[in-house]
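Analysis of the macromolecular model
One-letter residues, chain by chain:
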Amino acid sequence: MSGLLNGKNILIMGIRNKWSIAWGIAQAAKAQGANLIFTYLGDREKESLQKLTSNMGKIDAYPCDVAREEDIDNLFSMIKSKYGVLHGLVHAIAFAKSEDLQDTFVNTSKDGFMTAMDISVYSFIAVMKRAQPLMTEGGSILTLTYRGSVKVSPGYNIMGVAKAALEASVRYASYELGSNNIRVNAISSGPIKTMSAKGVKNFSDILNVVEEKAPLKRNVTLEDLGKAAVYLLSDLSSGMTGEILYIDAGYNIMGI
Ligand code: IMJ
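It is worth spelling out the overall build of the chain at this point. Looking only at helices and strands, the chain features eight helices and seven strands. Once the C-alpha set of the chain is aligned to its principal axes, its extents read approximately 50 × 40 × 40 Å. Within the chain, buried positions represent 49% of all 256 residues. Residue pairs at least 24 apart in sequence account for 75% of intrachain contacts in the chain once pairs closer than 6 positions are excluded. With the model as given, the accessible surface of the chain reaches about 12900 Å², and the carbon-plus-sulfur share is 53%.

Near the ligand there are 14 residues, and of these A96, L101, Y156, S196 and V200 occur at the shortest range. A distance of 2.7 Å separates a nitrogen atom of the ligand from a polar atom in the backbone of A96. Contact between the ligand and Y156: an oxygen atom at 2.6 Å from a side-chain N or O atom of the residue. Compared with its free state, where it exposes 600 Å², the ligand has 84% of that area covered by protein. Listing elements by their share of the shell around the ligand, those giving two or more residues are helix 4 (98–102) and helix 7 (203–213). Partitioning the shell around the ligand into residue classes produces 10 nonpolar, four polar and no charged.

Moving on, we get to the nonpolar core. Core analysis: the largest hydrophobic core is formed by 37 residues, its most contacted members being I10, I12, I15, L36, F38 and I187. Only strand 1 (9–13), helix 1 (21–31), strand 2 (35–40), helix 2 (43–52), strand 5 (139–145) and helix 8 (222–233) provide two or more residues apiece to this core. With residues near it in sequence (within four places) discarded, I15 still touches S20, A22, W23, A26, F38, E45, L49 and L52. Counting residues in each nonpolar core, the second largest holds 30 residues, with L75, I141, L166 and L177 among its members.

This brings us to the pairing of strand 4 (residues 88–91). Residues G88 and V90 line one face of strand 4 and the alternating positions L89 and H91 line the opposite face, and both faces are buried. Where strand 1 meets strand 4, four bridges bridge the pair, whose relative direction is parallel. Paired with I12 across the strands is V90, a residue of strand 4. Bridge analysis of strand 4 against strand 5 gives four bridges, and the strand direction is parallel. In the strand pairing of strand 5, V90 is matched with L142.

A cluster of nonpolar side chains, F105, V106, F113, M114 and V161, forms an exposed patch at the surface whose accessible area comes to about 470 Å². With respect to the helices and strands, V106 occurs in the loop between helix 4 and helix 5 (110–131). A relative accessible area of 76% means that V106 is categorised as exposed.

Okay, the sheet that holds strand 5 next. Paired through backbone hydrogen bonds, the strands of a sheet run either parallel or antiparallel to each other. With parallel pairing, the seven strands of this open sheet are ordered in space as 3-2-1-4-5-6-7. Edge positions in the sheet fall to strand 3 (60–63) and strand 7 (244–247), since each has one partner strand and no second. Taking the axes of each pair of neighbouring strands and ignoring which way they run, one obtains an average angle of 20 degrees across the sheet. Packing against the sheet, helix 2 makes contact with strand 2 and strand 3, and its axis sits at approximately 150 degrees to strand 2. Its contacts with the sheet place helix 5 against strand 1, strand 4, strand 5 and strand 6 (182–189), and it is angled at close to 170 degrees to strand 4.

Conventions we followed
- Residues numbered from 1 in each chain as written.
- Predicted model: local features only at pLDDT ≥ 70, side-chain atom pairs only at ≥ 80, totals over all residues.
- Heavy atoms only, no water.
- Helix = DSSP H or I, 4+ residues; strand = E, 2+ residues; numbered from the N terminus.
- Buried < 20%, exposed > 50% of the residue type's maximum accessible area, 1.4 Å probe, protein only.
- Contact = heavy atoms within 4.5 Å.
- Areas by Shrake-Rupley, 256 points an atom, 1.4 Å probe, with all protein chains shown as cover.
- Near = heavy atom within 4 Å.
- Polar contact = N/O pair within 3.5 Å; in protein donor to acceptor, adjacent residues only side chain to side chain.
- Nonpolar A, V, L, I, M, F, W, Y, C, P; charged D, E, K, R; others polar.
- Core = buried A, V, L, I, M, F, W, Y, C linked by side-chain atoms within 4.5 Å.
- Pairing = 2+ DSSP bridges.
- Patch = residues over 30% accessible without salt bridge, like charges linked within 9 Å, V, L, I, M, F, W, Y side chains within 5 Å.
- Salt bridge = Lys/Arg side-chain N within 4 Å of Asp/Glu carboxyl O.
- Axes fitted to C-alpha atoms, helices over the stretch in contact; angles between N-to-C directions.

Listed below in structure tokens is the structure:
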């Protein structure tokens, strides 16, 4: 199948480098004919995005630090003036202070709590608020989550709480935006080696456990995530909203 996203304007937020899940999604969406719009955090990510997309022809990228409301406002006013209509939005952004992923959960500081919730959850609400008026032909909004929201993943700590809030946000937003034919879903990815997994203690042990225990006997890839994202962004998933779709080689269904 090809051309599932022909003529669709899709905003992709959260590419940091070639290992980013957002980059896997961007490549799959591009292959299906999407017009991609990117955001980057700082100069380093801008350069890395330019390198990655150098063979994609002319690409459109805007700076956006989601901690800054004015950045988000500027982004969406640029998109409104240049494209008029938006069909898809991919939010692949999360951040907690590293001390909050290293110390015990109960030691989470108020400031660390606020940061994790602001960047990982409020940013999703903030972009949906501005995307809604541009999704005049219906739309599909997608975010990324992790099973640490519903089961304890040692060290995931405040990110687990933030992902639980993010998943609840998917449900509340899908309820409200449904009447405009805007669907809101999340992909819950299995563990994958990205910058966000760097520094996670024993990460290769975690990957090995999945390989051993998951029904598919392997870890997931950026291609797996890209294909699921194409499904969610396209009309193939027209009847689905408010859902948390596990793309984890089946790991989450297992008991002992
Ligand atoms: C992150 C921490 C602890 C355990 C973890 C993870 N496991 C996995 C992750 C088992 C798979 C990666 N993950 C799913 C995340 O959502 C990571 C988010 C994250 C990572 C960092 C690292 C660097 C930093 N802040 C971060 N904020 C969020 O300074």
